[in-house]
Each structure stands twice: as structure tokens, then as C-alpha cells.
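Structural overview for review
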Amino acid sequence: MGMHARPLSSSFGVEVIDFDPNNITDEVKQATKLLFENHQLVLFRNAGVTEDQHLALVKAIGPISTTDEIMKDGRQFTYISNVHTDGRVPNGELFYHSDHMFLREPLKGISLYSIEAPEHGGETRFLNAAKAYQAMPEDLKKRIDGLSARHVYDYNANRGDQRPDPTKLSDKVDTAIYPLVWHHPESGTPLLYISRLFTTEVIGLPREDSDQLLDDLFAYLDTIGDDYTHKWKSGDLIIWDNLHLQHARNDFPPTERRALRRVPIALGSA
Ligand SMILES: [Fe+2]
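Residues numbered from 1 in each chain as written. Predicted model: local features only at pLDDT ≥ 70, side-chain atom pairs only at ≥ 80, totals over all residues. Heavy atoms only, no water.

The next thing to look at is the sheet that holds strand E4 (residues 78-81). Consider a sheet: its strands pair through backbone hydrogen bonds, and that pairing is either parallel or antiparallel. Strand order in the open sheet formed by seven strands is E1-E2-E3-E14-E6-E16-E4, with mixed pairing between adjacent strands. At either margin of the open sheet sits one strand with a lone partner, and together these are strand E1 (5-7) and E4. Pairs of neighbouring strands in the sheet enclose a mean axial angle of 25 degrees, with direction left out of account. For strand E6 (residues 107-116) and strand E16 (residues 259-266), the ladder comprises eight bridges, and the chain directions are antiparallel. (Pairing = 2+ DSSP bridges. Helix = DSSP H or I, 4+ residues; strand = E, 2+ residues; numbered from the N terminus. Axes fitted to C-alpha atoms, helices over the stretch in contact; angles between N-to-C directions.)

Laid out in C-alpha cells, this is it:
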């Protein structure tokens, strides 16, 4: 039996409505892969998956990425958590971004499985970077034609709710340059590839012009609107295309417990 799903927003995302974690057959894996490719985000509410079941489902989309330092010892997942001692990005707001924009090896997808969810806040928001480019006014499209931007992650200074300052970087940074209109390496879809969290400058422009262009692009992105906001409940599982979609996190009280199991997905076939 295949799976049934219903749409989550006007331009991307589906919710699977008849998932059984104890019956992850080849057919279910194939259906998940197709939903991911066609809709870019697949939600399984109250999925209740074990680590092995979670990994089996994610591996239907693509190989597990090991680019993260913490994954290099053979681990297949990490925790986004203020509960686990090795949890990463535990608290606070996170501006919109795609993970690993600052690395040369792009990350195809991400899966998060909610172990503990806060009562208040901590929602994940998603926007469609492909739609953002498609719907862009022609004059703005012309301004960015042929340009590239630098993306930076400063391991000592990065904050989730501040844009990075290229004049104040520490000596522990990762950085990569991508075209502002970048094409998804697998689907070929053009994407507006900038983020408030990681993008520092447009290459080849004087600082003032670069700042102005980025401000205009971020202001434009704000007008696109949030296409889908997910209020986590423990047991929820989402797999999404990290390049086609950007994600952000709403702030939440640090006294609340929030823990998610994160599986990163590399480019390439499963
Ligand atoms: Fe992220």
C-alpha cells in the first residue's frame, strides 16, 4: 500500500497521513523519496520513530552527510538540543538560512525528529528560495544577474539573531562563495541563494553597494512571506530540501526543554 499525503502550503510541503513506523517497506521509502523530490518537504506528524527507523527513512532520500566535524567519527546524527550535553545550537532565534552555505560541499537535505518540544515558541519556519527567485521583480533580477556572494560561519562569534560582520571575524571561520542565483545541483532549479544568517558581501562591489543590495534582497525576501511554520510536538518528523527551502527558528524561553535528532543528507542518490 502506498502513502497518502496532503499539501501544507501553496508552494511546497506535504503531510503524510498514514505512516506506520513499523512498516517502512521499500514502497514506503520510494514514496517518501518521490514526495521529497516533488514537494521539497515531507512531514510525518507523531511519527514516533526509533533511531534506526529514522535513518532508514532518510537514507531513501540520499546518503548521510559526514561533512560536519561532529559526524566524522562515524555518527549518523546529532542533536539540536538544550537537553543533551552534546546538543548543538541549543537556544534562541535563528535567522533564515540554508545549512552549510559557508561550505563548498552543499547539504542536500535535513531531517529533524522532535524528542522534546517546548510549549511556547521554538517553531521552525520555512521559505521557498526557488519561488523567491521566480517571483522576483525584473529590476531586482537584473541587479543580481551574474553576481556572487560570500557566506561565512564564524565558530567563535556567530549568533542566530545577528547578521555576520565581515570586518570582525575571528580566525576560526568557514567561508564559501556561490552565485546569488544558484542552480540546485540535482534539479537545476534556480534559487535565490543568500541568507541573513551567513551572507556577508556581494563579490566585486564596493562595501556600501554590497550592503545596499543585500538589504534590498532581504527586504524582498520578507515580502514573500513564510510559507509554512511548524509548531513541534514530540514525535514529529520532517525531511526537507535544504537548498530549495530556507529555514529559521523562532525564539523560545531557555527554561523550556527542546531536543531534536538531526540527520543531514548529502547530494547523490540513495
Ligand atoms: Fe539550520
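Inspection of the entire model under this criterion finds 16 salt bridges. The partner of Asp 216 in a salt bridge is Arg 143, with the nearest N and O atoms 2.9 Å apart. A residue pair is termed long-range when its members are at least 10 positions apart, and Asp 216 in helix H5 (residues 207-224) and Arg 143 in helix H4 (residues 138-144) qualify at 73 residues. We classify Asp 216 as partly exposed; its relative accessible area is 25%. Assessed through its relative accessible area of 39%, Arg 143 is described here as partly exposed. One connected set of salt bridges, linked through shared partners, spans Arg 6, Glu 15 and Arg 45. (Salt bridge = Lys/Arg side-chain N within 4 Å of Asp/Glu carboxyl O. Buried < 20%, exposed > 50% of the residue type's maximum accessible area, 1.4 Å probe, protein only.)

Moving on: the coordination of the iron ion. Coordination of the iron ion by the protein comes from His 97 (NE2), Asp 99 (OD) and His 247 (NE2), over a distance range of 2.1 to 2.2 Å. Linear spacing of the donor residues for the iron ion on their chain is H-x1-D-x147-H. Summarising the burial analysis for this pair, His 97 and Asp 99 share the class buried. (Donors = N, O, S within 2.8 Å, 3.2 Å for Na, K, Ca; no water.)

The next thing to look at is the sheet that holds strand E12 (residues 199-202). Spatially, the three strands line up as an open sheet ordered E9-E8-E12, and their pairing is antiparallel. Of all strands in the sheet, those with a lone pairing partner are strand E9 (173-179) and E12, marking the two edges. Put simply, the sheet's adjacent strands are angled 25 degrees from each other on average, direction ignored. As defined by bridge partners, strand E8 (residues 148-154) adjoins E12 across three bridges and the pair is classed as antiparallel. Across the sheet, residue His 151 finds its bridge partner in E12, namely Thr 199.

It is worth spelling out the packing of aromatic side chains at this point. Overall, the coordinates contain eleven aromatic pairs when judged by the stated rule. The interplanar angle of 75 degrees and the centroid separation of 4.9 Å between the aromatic rings of Phe 102 and Phe 198 together place this pair among those described as edge-to-face. In this pair, Phe 102 sits in the loop between strand E5 (94-97) and E6 while Phe 198 sits in the loop between strand E11 (190-192) and E12, placing the two residues 96 residues apart along the sequence. There is no split in this pair, since Phe 102 and Phe 198 are both buried. An aromatic cluster of three or more residues is present, and its members are Phe 102, Tyr 153, Tyr 155 and Phe 198. In this structure, Lys 172 packs its charged tip against the face of Tyr 155, placed 4.4 Å from the ring centre. Across the ring face of Phe 77, the terminal group of Arg 261 is positioned such that the distance to the ring centre comes to 5.9 Å. (Phe/Tyr/Trp six-rings, centres within 6.5 Å; stacked < 30°, edge-to-face > 60°. Lys NZ or Arg CZ within 6 Å of the ring centre and 35° of its normal.)

What follows deals with the pairing of E16. For E16, a buried count of eight out of eight residues is recorded, marking the element as mostly surrounded by other parts of the structure. Judged from the four bridges that link them, E4 and E16 form a sheet pairing that is antiparallel. Bridging across to E16, Ser 81 finds its partner in Ala 259.

Below, the discussion takes up H5. Here H5 spans 26 Å end to end across 18 residues, near enough to the 26 Å set by a 1.5 Å rise per residue. Along its buried surface, H5 packs onto strand E7 (124-128), helix H3 (129-134), H4, E11 and E12. Immediately downstream of H5, the backbone of Gly 225 shows phi near 90 degrees, a positive value. (Expected span 1.5 Å × (residues − 1). Contact = heavy atoms within 4.5 Å.)

Our next topic: helix H2 (residues 51-58). Those residues of H2 that fall on the buried side of the exposure criterion are Gln 53, His 54, Leu 55, Leu 57 and Val 58. In this fold, the buried residues of H2 make contact with helix H1 (26-39), strand E3 (41-44), E6, strand E14 (237-241) and E16.

A word on unusual backbone geometry. Despite not being glycine, Asn 46 has its phi angle at roughly 50 degrees, a positive value. Inspection of the secondary structure assignment puts Asn 46 in the loop between E3 and H2.

This paragraph deals with the environment of Lys 108. Residue placement: Lys 108 occurs in strand E6. We classify Lys 108 as buried; its relative accessible area is 5%. Here the alpha-carbon distance between Lys 108 and Thr 66, two residues 42 residues apart in the chain, equals 12 Å. At a separation of 3.0 Å, a polar atom in the side chain of Lys 108 contacts the side chain of Glu 186. (Polar contact = N/O pair within 3.5 Å; in protein donor to acceptor, adjacent residues only side chain to side chain.)

Any link to function would need more than the numbers given here.
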